[in-house]
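# Remarks on the overall topology
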Amino acid sequence: MKSKLLKRKLKPLKPASQSSTSFTLSHYLSQAISALSNLEAQLAIQILKKALETFPQTPSLLELLGIAEMDSIQPEYTEQEIQQCQERAKLCFLQAIEFEDSVEGVDAEERRGKGYDRYLYLGQLSEGKDAIGFFEKGVEVLKAEIDLIEQNNPNSSDETAVLKRKISTALCSMCEIYMTDCCDEPEAESSCDQYLKHAFQIDSSNPEVHQTYASFKLSQSDPDEARKSLLYSKGLWYVKNEGEENPNLVDPPEYQSRMSMGKMLIEVGEYEHALDVLETCIYEDDQDSEGWYVSGWGSYQMGTAHEDKKPGAWKQALECFETVVQDGQMVAHSQQLVQEITGFLADADAMQE
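Figured I'd write up the structure that's included with this text. (Residues numbered from 1 in each chain as written. Predicted model: local features only at pLDDT ≥ 70, side-chain atom pairs only at ≥ 80, totals over all residues. Heavy atoms only, no water.)

With that out of the way, let us pick up the overall build of the protein chain. Of regular secondary structure, the protein chain possesses 16 helices and two strands. When the 353 residues of the protein chain are sorted by exposure, 46% land in the buried category. Sequence separation of at least 24 residues holds for 58% of the intrachain contacts in the protein chain that already meet a minimum separation of 6. Total accessible area on the protein chain is roughly 19,400 Å²; 47% of this is exposed by carbon and sulfur atoms. (Helix = DSSP H or I, 4+ residues; strand = E, 2+ residues; numbered from the N terminus. Buried < 20%, exposed > 50% of the residue type's maximum accessible area, 1.4 Å probe, protein only. Contact = heavy atoms within 4.5 Å. Areas by Shrake-Rupley, 256 points an atom, 1.4 Å probe, with all protein chains shown as cover.)

Okay, structure coming up:
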């Protein structure tokens, strides 16, 4: 399970000297980071557990072990297996925070800017007000990190831009929580408005910010404003010049974020834009039935709304619905639509003859 907040390239530390039989902390960290970089999460877990036998209660080891537990989640895992990995990861992050705070001889100034990943992960792994609390702490630590970088190197705009992107994405996650888990809280709407304003100030080039704003506007029954924000958000990463067959995707949002964008574009009647976005999801994972189903629904809706496009759009929808193989409501609804579309296309062919 990859986090959209925490996607980053892990750099191995300089290997420690192996002249002695005991390994240093930096050696264990280097080996674990190398394993994670090679997508060997289970190997990283083994290394880190061994390291914790020698260096117990070490925050850096615990945080990396939490990340390894998250990265170990596989697509074929059951819900129970995923939950077990997440629970182990959450415990690691909580212990990293606990032991970081208990380390003697480290003053508050030295701790500034350290450990924001563990808070952002905990926000992702928690619910409701607990999740918001972790995200808020993560944002606080990220801001401290930016302050430190700017004090030491005023020309470090590239480095701080990465951290600002994390802040704006975390603010969007907090807003989403207030639109779902905490939607009944009296401060829900005002908090969303506040978080979004802050996110725009921090990083207005983040597509996630504009997409979250669109979701917020849909919740306020303002589809026109939502449509504008969705199209602007798409334009930040989906570039297709006239005459080019394939689009140029510039740092596109994560898979689930694009899936959500496709659904919202369908909701506001921007079917062709929705299909553009959903096509990138299918290209990335053509085994995910949801991508085929939502794309088919977009084509079906486009044909329903535009009579002149109906034959072509419904043929495309038929192909998508016939690809849906997942059990549950999606396959039942797909079968129902396949029957309707097949009947329509048969009648259309008969009329042409």
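Counting residues in each nonpolar core, the largest one holds 60 residues, and the members touching the most others are Leu-36, Leu-48, Leu-64, Phe-93, Ile-132 and Tyr-178. Here the element with the most residues in this core is helix H8 (residues 157–179); it accounts for ten residues. In contact with Ile-132, other than residues within four places in its own chain, are Met-174, Ile-177, Tyr-178, Cys-182 and Tyr-195. Listed in part, the 33 residues of the second largest apolar core include Leu-218, Ala-226, Tyr-238 and Val-338. (Core = buried A, V, L, I, M, F, W, Y, C linked by side-chain atoms within 4.5 Å.)

Before going further, it helps to examine the environment of Tyr-77. Among the secondary structure elements, Tyr-77 is positioned in the loop between helix H3 (59–71) and helix H4 (79–102). Assessed through its relative accessible area of 24%, Tyr-77 is described here as partly exposed. Apart from the residues within four sequence positions on either side, Tyr-77 is in contact with Gln-42, Ser-72, Ile-82 and Cys-85. For Tyr-77, the side chain forms a polar contact with the main-chain oxygen of Ser-72, separated by 3.5 Å. (Polar contact = N/O pair within 3.5 Å; in protein donor to acceptor, adjacent residues only side chain to side chain.)

Our next topic: helix H9 (residues 188–202). Over its 15 residues, H9 extends 21 Å from the first C-alpha to the last, a length consistent with the 21 Å expected when each residue adds 1.5 Å. The complete set of buried residues in H9 reads Ala-188, Ser-191, Cys-192, Tyr-195, Leu-196 and Ala-199. The arc enclosing the buried residues of H9, seen along the axis, measures out at 130°, which places them on a common side. Exposed side chains of H9 directed beyond 90 degrees from the buried face belong to Gln-194 and Gln-201. Considering only its buried residues, H9 is in contact with helix H7 (128–152), H8 and helix H10 (207–219). (Expected span 1.5 Å × (residues − 1). Arc of directions from axis to C-beta.)

Before going further, it helps to examine unusual backbone geometry. The phi dihedral of Gln-57 falls on the positive side, at around 60°, and the residue is not glycine. Along the polypeptide, Gln-57 turns up in the loop between helix H2 (41–54) and H3.

With that settled, the discussion passes to the pattern of salt bridges. Counted according to the given criterion, the structure contains 16 salt bridges. Glu-63 is paired through a salt bridge with Arg-118; the nearest N and O atoms lie 2.5 Å apart. Taken together, the residues span a long stretch of sequence, with Glu-63 in helix H3 and Arg-118 in helix H6 (residues 116–125) at a distance of 55 residues. According to the relative accessible area criterion, Glu-63 is buried, its value standing at 12%. (Salt bridge = Lys/Arg side-chain N within 4 Å of Asp/Glu carboxyl O.)

Where helix H1 (residues 25–37) contacts H3, the two axes come as close as 11 Å, and the packing angle between them is 15°. Here H3 runs roughly parallel to H1, going by the angle between their axes. Relative to H3, the crossing made by H1 is left-handed. Along its contact with H1, which presents Leu-25, Leu-29, Ala-32, Ile-33 and Leu-36, the element H3 presents Ser-60, Leu-61, Leu-64, Ile-67, Ala-68 and Asp-71. (Axes fitted to C-alpha atoms, helices over the stretch in contact; angles between N-to-C directions. Parallel < 35°, antiparallel > 145°, perpendicular 65-115°, else oblique. Left-handed = near helix turned anticlockwise from the far one by under 90°.)

With that settled, consider the environment of Glu-40. In this structure, Glu-40 sits in the loop between H1 and H2. With 32 residues separating them along the chain, Glu-40 and Ser-72 place their C-alpha atoms 8.0 Å apart.

Per the counting criterion, the structure on display carries nine aromatic pairs. When the centroid spacing of 5.9 Å and the interplanar angle of 90° are considered together, the rings of Phe-23 and Tyr-28 count as edge-to-face. Residue class for Tyr-28 comes out buried when judged on its relative accessible area of 8%. Through successive ring pairs, a cluster of aromatic residues spans Phe-23, Tyr-28 and Phe-55. (Phe/Tyr/Trp six-rings, centres within 6.5 Å; stacked < 30°, edge-to-face > 60°.)

Worth remembering: the numbers are spatial, not functional.
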